[in-house]
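Letter by letter, the chains look like this.
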Amino acid sequence: MKKFLQYFVIEFIIIFAVGSTGYWILGAPFDVNQILFVSLVSGAIIAYAMLALQKHN
């Protein structure tokens, strides 16, 4: 569980930062709810995938 949380936090921060930068570069109106939801879901999926791949190796 500790490894999952570590991966999740790292992925959440990366996705949130990249998404926020994308909004800024494109000049689109910033939607906090959308970027938080996308960061949470994709961070959890990537963290789970990283743990699953480590178990197979």
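Refer to the preceding data block for the structure.
Report follows, based on the coordinates. (Residues numbered from 1 in each chain as written. Predicted model: local features only at pLDDT ≥ 70, side-chain atom pairs only at ≥ 80, totals over all residues. Heavy atoms only, no water.)

1. Remarks on the overall build of the chain
To keep it simple, the criterion reads: In DSSP terms, a helix is any run of H or I states spanning at least four residues, a strand is any run of E spanning at least two, and both are numbered starting from the N terminus. In this description the radius of gyration comes from C-alpha coordinates, and the expected globular size is given by 2.2 Å times residues to the power 0.38. For each residue, the accessible area found with a 1.4 Å probe, counting protein chains only, is set against the maximum for its type, and the residue is called buried under 20%, exposed over 50%, and partly exposed in between. Contact definition: two residues touch when any of their heavy atoms are within 4.5 Å. Areas reported here follow the Shrake-Rupley algorithm with a probe of radius 1.4 Å; residue values treat only the protein chains shown as occluding.
Looking only at helices and strands, the chain has 2 helices and 0 strands in total. Taking 57 residues into account, the globule formula puts the C-alpha radius of gyration at 10 Å, and the chain, at 13 Å, lies well above it. The buried share of the chain, reckoned over its 57 residues, is 19%. Taking the contacts inside the chain whose residues are at least 6 apart along the sequence as the reference set, 64% of them involve residues at least 24 apart. Of the roughly 4400 Å² that the chain leaves accessible, carbon and sulfur atoms contribute 74%.

2. Some remarks on helix α1 (residues 2-26)
Note the threshold: Under the convention used throughout, the expected extent of a helix is 1.5 Å for every residue step, that is, one less than its residue count.
An ideal rise of 1.5 Å per residue puts 36 Å on 25 residues; α1 measures up with 36 Å between its terminal C-alpha atoms. Regarding α1, the residues found buried are Tyr7, Phe8, Glu11, Ile15, Ser20 and Tyr23. Its buried side turned inward, α1 meets α2 (32-56). Count one or two residues on from α1 and you reach glycine 27, which has phi positive near 75 degrees.

3. Some points on the side chain of serine 20
What counts is decided by this rule: Two N or O atoms count as a polar contact when they lie within 3.5 Å, although within protein this holds only if one can serve as hydrogen donor and the other as acceptor, and sequence-adjacent residues are included solely when both atoms are side-chain atoms.
Turning to its location among the elements, serine 20 is positioned in helix α1. By relative accessible area, serine 20 is classed as buried at 18%. In terms of polar contacts, serine 20 uses its side chain to reach the backbone carbonyl oxygen of phenylalanine 16, at 2.8 Å. Not counting residues up to four positions away in its chain, the partners in contact with serine 20 are Phe30 and Ile35.

4. Describing the packing of α1 against α2
What counts is decided by this rule: The axes used here are C-alpha line fits, helices contributing only the stretch in contact, and every angle between their N-to-C directions lies in the interval 0 to 180 degrees. Angles below 35 degrees are treated as roughly parallel, those above 145 as roughly antiparallel, those between 65 and 115 as roughly perpendicular, and all remaining angles as oblique. Left-handed describes a crossing whose near helix is turned anticlockwise from the far helix by less than a right angle; the clockwise case is right-handed. In this classification, the charged set is Asp, Glu, Lys and Arg, the nonpolar set is Ala, Val, Leu, Ile, Met, Phe, Trp, Tyr, Cys and Pro, and all remaining amino acids, among them Gly, are polar.
Put simply, α1 and α2 touch, their axes get as near as 8 Å, and they point 140 degrees apart. Our classification of the angle between α1 and α2 gives oblique. Considering how the two elements wind past one another, α1 and α2 form a crossing that is right-handed. Grouping the constituent residues of the contact of α1 with α2 by class yields 16 nonpolar, 7 polar and 2 charged.

It is worth stressing that arrangement in space is one thing and function is another; only the former is reported here.
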